[in-house]
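The primary structure of each chain is shown beneath.
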Amino acid sequence: MIIDIHGHYTTAPEGLETWRKRQIAALTDPAITIDTADVRISDDEIINTLESNQLLKMRERGIDLTIFSPRASFMAHHIGNAATSAAWASVCNELCYRVTQLYPAYFAGAAMLPQSPGADTRTCLKEMERCIRDYGFVAVNLSPDPSGGHWTAPPLSDRYWYPIYEKMVEYDVPAMIHVSTSCNPAFHTTGAHYLNADTTAFMQCLTSDLFTDFPTLRFIIPHGGGAVPYHWGRFRGLAQAMHIDDIHSKLLKNIFFDTCVYHQPGIDLLTRVIPVENVLFASEMIGAVRGIDPLTGFAFDDTRRYIDSAALTATEKKLIFESNARRVYPRLDSLLSAQGR
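Structure report, in brief. All residue numbers here refer to positions counted from 1 along the written sequence of the relevant chain. Local features are withheld for residues below a pLDDT of 70 in this predicted model, meaning they are given only at 70 or higher, and side-chain atom pairs are given and counted only at 80 or more; totals for whole chains, interfaces and linings count all residues. With hydrogens and water set aside, each side-chain value is computed from the structure's full complement of heavy atoms.

Quick word on the overall build of the protein
Quick reminder of the rule: Elements are defined by DSSP. Helices are runs of H or I of four residues or more, strands are runs of E of two residues or more, and each kind is numbered from the N terminus. We compute the radius of gyration from the C-alpha atoms alone; for a globule the expected value is 2.2 Å times N to the 0.38, where N is the number of residues. We call two residues contacting when some pair of their heavy atoms lies within 4.5 Å. The method behind every accessible area is Shrake-Rupley, applied with a 1.4 Å probe, and residues are considered shielded solely by the protein chains displayed. Under this rule, positive means Lys or Arg and negative means Asp or Glu; His and the chain ends count for nothing. Here the site of a charge means NZ on Lys, CZ on Arg, CG on Asp, or CD on Glu.
In terms of helices and strands, the protein carries 15 helices and eight strands. Relative to the 2.2 N^0.38 estimate, which gives 20 Å for 341 residues, the radius of gyration of the protein is 19 Å and therefore close to what a compact globule would have. Seen through its principal axes, the protein has C-alpha atoms that stretch 60 × 45 × 40 Å. Taking all contacts inside the protein whose residues are at least 6 apart in sequence as the whole, residues at least 24 apart take part in 77%. Accessible surface computed for the protein: about 14,200 Å², of which carbon and sulfur atoms make up 52%. The positive charge centre, built from 30 side chains, and the negative charge centre, built from 38, are 1 Å apart in the protein.

Quick word on the layout of surface pockets
Convention followed: Think of a 1 Å grid over just the protein atoms. A cavity is a set of points where a 1.4 Å probe fits yet cannot get out, a pocket is an open set with protein on both sides within 12 Å along at least five of seven lines, and lining residues have an atom within 4 Å of a point. Grid points are joined across faces, edges and corners, and a volume is the space filled by probe spheres set on the points. All residues other than Ala, Val, Leu, Ile, Met, Phe, Trp, Tyr, Cys, Pro, Asp, Glu, Lys and Arg, Gly among them, are scored as polar; the first ten of these are nonpolar and the last four charged.
Reported here for the largest pocket is a volume of approximately 350 Å³. Forming the walls of the largest pocket are 17 residues, and the residues nearest its centre are Leu 195, His 223, Cys 260, Val 261 and Tyr 262. Secondary-structure elements contributing two or more residues to the lining of the largest pocket are α8 (189–206) and α12 (264–273). A per-class count over the lining of the largest pocket returns eleven nonpolar, five polar and one charged. Approximately 150 Å³ is the volume found for the second largest pocket. Taken together, 14 residues make up the lining of the second largest pocket; nearest its centre are Thr 100, Gln 101, Tyr 135, Gly 136 and Leu 335. Those elements that place two or more of their residues in the lining of the second largest pocket are α5 (82–102), β3 (107–112) and α15 (330–338). Ranked by residues supplied to the lining of the second largest pocket, first place goes to β3 with three residues. Residue composition of the lining of the second largest pocket, grouped by class: eight nonpolar, five polar and one charged.

Comments concerning the packing of helix α1 (residues 14–26) against α5
Put simply, the rule is: The angle between two axes is taken between their N-to-C directions and runs from 0 to 180 degrees, where each axis is a line fitted to C-alpha atoms and a helix contributes only its stretch in contact. Orientation categories follow fixed angle ranges, with anything under 35 degrees roughly parallel, anything over 145 roughly antiparallel, 65 to 115 roughly perpendicular, and all other angles oblique.
Packing of α1 against α5 brings their axes to within 11 Å, and their N-to-C directions diverge by 175°. Relative to α5, the element α1 lies roughly antiparallel. From α1, Leu 16, Trp 19, Arg 20 and Gln 23 reach across to α5, where they touch Thr 84, Ala 87, Trp 88, Val 91, Cys 92 and Leu 95. For the contact of α1 with α5, a count of residues per class yields seven nonpolar, two polar and one charged.

What about the pattern of salt bridges?
Short version of the rule: A carboxyl oxygen of Asp or Glu within 4 Å of a side-chain nitrogen of Lys or Arg is what we treat as a salt bridge. For the exposure calls, accessible area comes from a 1.4 Å probe over protein chains only, and a residue counts as buried if that area is under 20% of its type's maximum, exposed if over 50%, partly exposed in between.
Across all of its chains, the model carries 17 salt bridges by this definition. The residue Asp 120 makes a salt bridge to Arg 122 at a minimum N-O spacing of 2.7 Å. Accessibility expressed as a relative area gives 35% for Asp 120, which makes it partly exposed. With a relative accessible area of 55%, Arg 122 lands in the exposed category. With a shortest N-O distance of 2.7 Å, Asp 333 and Arg 326 are connected by a salt bridge. Assessed through its relative accessible area of 26%, Asp 333 is described here as partly exposed. Here the salt bridges do not stand alone but share partners, grouping Arg 61, Asp 301, Asp 302 and Arg 305 into one network.

Observations concerning unusual backbone geometry
Phi at His 223 takes a positive value of approximately 55°, unusual for a residue other than glycine. Among the secondary structure elements, His 223 is positioned in the loop between β6 (219–221) and α10 (232–241). Relative accessible area serves as the criterion here: at 10%, His 223 is assigned to the buried category. Notably, Ile 286 is not glycine yet its phi reads approximately 55°, a positive angle. Mapped onto the secondary structure, Ile 286 falls in the loop between β8 (279–280) and α13 (304–309).

Focus: the side chain of Asp 258
For the record, the criterion: The definition of a polar contact used here is a pair of N or O atoms within 3.5 Å, where within protein one atom must be able to donate a hydrogen and the other to accept one, and adjacent residues in sequence count solely through side-chain atom pairs.
By the secondary structure assignment, Asp 258 is in strand β7 (residues 255–258). Within the structure, the side chain of Asp 258 is placed 2.8 Å from the backbone nitrogen of His 223, a separation counted as a polar contact. In contact with Asp 258, not counting residues within four places along its chain, are Ile 5, His 6, Met 176, Ile 220, Ile 221, Pro 222, His 223, Gly 224, Leu 270, Leu 280 and Ala 282.

Describing the sheet that holds β3
This is how it is decided: Strand pairing follows a simple DSSP-based rule, namely that at least 2 bridges must link the two strands.
A sheet is described by the order of its strands in space; here eight strands give the open sequence β1-β2-β3-β4-β5-β6-β7-β8, paired in parallel fashion. In the strand order of this sheet, the two ends are held by β1 (3–9) and β8, each with one partner. The sheet contact formed by β3 and strand β4 (residues 139–142) spans three bridges and is parallel. Following the sheet pairing, Ala 110 is matched in β4 by Ala 139. Contacts between α15 and the sheet are confined to β1, β2 (65–70) and β3, with β2 contributing the most and set at about 130° to the helix.

Quick look at the nonpolar core
Keep this limit in mind: Throughout, nonpolar core names a set of buried Ala, Val, Leu, Ile, Met, Phe, Trp, Tyr and Cys residues whose side chains join them through atoms within 4.5 Å.
Grouped together as the largest cluster of nonpolar side chains are 82 residues, with contacts concentrated most on Tyr 165, Phe 202 and Phe 219. Ignoring any residue separated from it by four or fewer positions in sequence, one finds Tyr 165 in contact with Leu 142, Leu 156, Leu 210, Phe 214, Leu 217 and Phe 219. Core analysis: the next-biggest nonpolar cluster, separate from the first, contains 20 residues, Ile 3, Ala 108, Ala 282 and Leu 332 among them.

And the structure:
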């Protein structure tokens, strides 16, 4: 079985963006009223967007299931306040839930959290519980930077984040550490901000005792870990200077990396440097990089090809394609087992 742990509903029907634009306009125009019940998207619209996009590519590429969450760049936690984010997360998560109900064999949900700069993280718990308990979602997406590229939040090791971690441990779900759009002109959203955040999250964990407090907490750092695998020697050297004897024992029981790396040398490096037990298959298809690589003639985000071509044994490929995901996402494993898979 091939499980893609990193998918976003980037092709959602226009009704979603229409509602969001009204919500944003209402922030400065009291004459505009907005309610989550105003979203008007039919099942047929959802089916059409998936059949001609994500599902089409999944079938072409032989991907059996995708963990699906709201579009990352649309989370935009910096807009409005906690109430704004709560309504927006509710709408987006409900739409992804409907996807999982229309296509239960192809999609499992991951929740967008209603984060907001400076807001108490306990304001995220109601939506988090609803998605896990009522919608059957198997993970959450956690942004370490709700400010949108200005990095005003405390590091992930700070007790500010502990209410979310406690709930993650209670429900035994992992979090993908994923920022949203950058409103800082110094950082391109997908080319700089995303990769910077991946690297930053890893370093925040390295310089803390977070996993001593939460030994079962699990983070997925996407996009191949940003700079982490490429600079593994730097991180090992910094750990040594901090008198951390074994970076593997300190972090790799809790941190995992996906394969959203869009060329063969990058995947080869990732799978040589990071233990295969910590690498999970992902493509983020129809995401930031949608074109055809002129050097190969195939889509950049057709990452299955890179794993198939990597110098890995059949056992190692199975770990990356399936077994690691079922271990890191226990609720996904239970869902698949209930389906007889």
